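Architecture at a glance
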Amino acid sequence: MPFEAICIAIARCLSSPQRLFALDCGLPQANLRLVADGLAGALALGVVATTPVAAQDKPSSIGLGIFTFTSGPAAAFGMPGKNAADVMINEINAKGGIEGVPVSATYVDEAQGAQGVIAEYRRLAGDPNNQVMVAALSSANCLALAPIAEQLEVPTVGWNCDTHQLLMDGKSNYVFRPNGNTVPEFIAYAIYLLDRKPDVKTVAIINPDYAFGHDAAKIFTAALKALKPDIEIVAELYPKLGSPNYQTEISRLTSARPDVVFSNLWGADLENFVRQATPRGLFTSSQVILAIGETVLQRVPLPDGVIVGVLGDGWWMSPDARANPETIKFAEAYKARFGEYPVSPSIKMANTLIYVKAAYKAAMQKNDGKWSTRAELAEAMKGSKVATLTGTTQTRTDNDGLVDQIVGVTMKTPSQPFPVIGDMVRYKGDSLMPQPGQDPLAWISTLKPEFAKSLPKPGSYK
């Protein structure tokens, strides 16, 4: 058996499929410990040696390692990302590829567990034609892969991982995130809510019981408390990820009668919650915020007036998106192929591939048209400003991305058979982010009501 195959087998033996299952922001702490221990063991064994990629002639094709969930419940987010990659790569190749070179993708299923993902990353990184990794959906996987990206010196672009912890130390040279993080995403909901419902007194939270749910609750609550200190959190419910029945949680919410119910449930969990909560009157007794509600607009009949967003600017029907012919073309191609319009994970993936393509162009322009090394591609991503399908992504000095945040409410329209987002606001990407190096939660605690008054208001984005 070749040495590389032995190494991959060892790494996979270290993993358990149950160690990792997360849409975002990682795992429970015990499981994160398992990932860290497994990673440390893999590094100690030296499972794959670092092989820097030197300058080379233009290849016959560009390989991209694209990491997402293609199986299991998290595929509700992962497959829209993969589908978008398929459409976008077809469009890129139809226009001659990236700098004249066709693109192909190798997809890695994140459902196999952290150590399997690590082994696949190392295997793909060993091929010099795979100059860039698009990884990953799960923030736990992003956190596990980040030190390996630095060790192997492989540009790695997090297409969805939201955890604000990923780039906090500001020391990354090869890890980039063009799509923003949990801090601006959930501050945006707090500001929008208080603009629409300034007299809100009580709030209940129902989020999935893992780090994405808990982190979102912390950020949203901290922002509310900073901007309106008299708000009371009357319930915090954390059902297990993948729960089919929410009747117990709905009973607690309806009996608490909060002014507002906030949730970042997603995928099948969100669909089940909406279907079960609607006939019990939750959407009429409380103002409901569904942080990832845009992803189910085409699947469940949400009532009017539910606050929803896209965790960034990635809505294919936003004014900026509609003004971009490339976005309309992408959305129609996606709809024709998959039977529904792209959702925010699809747009995030498409925008990430645009970001990668822009890095190739910038690196080669700087290098007099010579084919770029991995180091040159990483250098081109630093500080870059890239026009996307839905706006612009600006890379900060810490390699984190600044993207705008779109929030609105559900409403019916004659133009679509499903609810759309109306009464929208678009917050500038840098307005809801601390400076590089600042502790995010400490920064949120310093916010004052005057801060929100300086921002655009609901309905201003038309």
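The following refers to the structure shown. Model, not experiment: these values are computed from the prediction.

What follows concerns the overall build of the protein chain. On a plain count of helices and strands, the protein chain comes out with 16 helices and 15 strands. Burial analysis of the protein chain (462 residues in total) assigns 60% to the buried set. The contacts of the protein chain with a sequence gap of at least 6 include a subset with a gap of at least 24, amounting to 73%. Of the accessible surface of the protein chain, which amounts to about 17200 Å², a share of 53% is contributed by carbon and sulfur atoms.

An ideal rise of 1.5 Å per residue puts 24 Å on 17 residues; helix α7 (residues 211-227) measures up with 24 Å between its terminal C-alpha atoms. Counting buried residues in α7 gives 13 out of 17 residues, a clear majority hidden from the surface.

Running from N to C, helix α13 (residues 344-366) and helix α14 (residues 374-381) cross one another at 110 degrees; their axes reach a closest spacing of 8 Å. Regarding the angle of α13 to α14, the classification is roughly perpendicular. Every residue of α14 that contacts α13 at Y355, A359, Y360, A362, A363 and K366 is listed here: E376, L377, E379, A380 and M381. Of the residues belonging to the contact of α13 with α14, the class tally is 8 nonpolar, no polar and 3 charged.

Attention shifts here to α14. R374, L377, A378, A380 and M381 are the residues of α14 that are buried. End-on, the buried residues of α14 take up no more than an arc of 160 degrees, which puts them together on one face. Buried residues belonging to α14 abut α4 (114-125), β3 (132-134), β4 (156-157), β5 (175-176), α13 and β12 (392-395). In the stretch just after α14, G383 is the one whose phi turns positive, near 70 degrees.

The next thing to look at is the packing of aromatic side chains. One pass over the structure, following the stated rule, counts 15 aromatic pairs. When the ring of Y210 is compared with that of F212, the centres are 6.4 Å apart and the planes differ by 50 degrees; the resulting orientation is tilted. Judged on exposure class, the residue Y210 and its partner F212 are both buried. A connected cluster of aromatic rings, assembled from ring pairs, spans F186, Y189, Y210, F212, F220 and F262. The aromatic ring of Y107 is capped on one face by K82, whose charged end is 4.5 Å from the ring centroid.

Calculation rules
- Residues numbered from 1 in each chain as written.
- Predicted model: local features only at pLDDT ≥ 70, side-chain atom pairs only at ≥ 80, totals over all residues.
- Heavy atoms only, no water.
- Helix = DSSP H or I, 4+ residues; strand = E, 2+ residues; numbered from the N terminus.
- Buried < 20%, exposed > 50% of the residue type's maximum accessible area, 1.4 Å probe, protein only.
- Contact = heavy atoms within 4.5 Å.
- Areas by Shrake-Rupley, 256 points an atom, 1.4 Å probe, with all protein chains shown as cover.
- Expected span 1.5 Å × (residues − 1).
- Axes fitted to C-alpha atoms, helices over the stretch in contact; angles between N-to-C directions.
- Parallel < 35°, antiparallel > 145°, perpendicular 65-115°, else oblique.
- Nonpolar A, V, L, I, M, F, W, Y, C, P; charged D, E, K, R; others polar.
- Arc of directions from axis to C-beta.
- Phe/Tyr/Trp six-rings, centres within 6.5 Å; stacked < 30°, edge-to-face > 60°.
- Lys NZ or Arg CZ within 6 Å of the ring centre and 35° of its normal.

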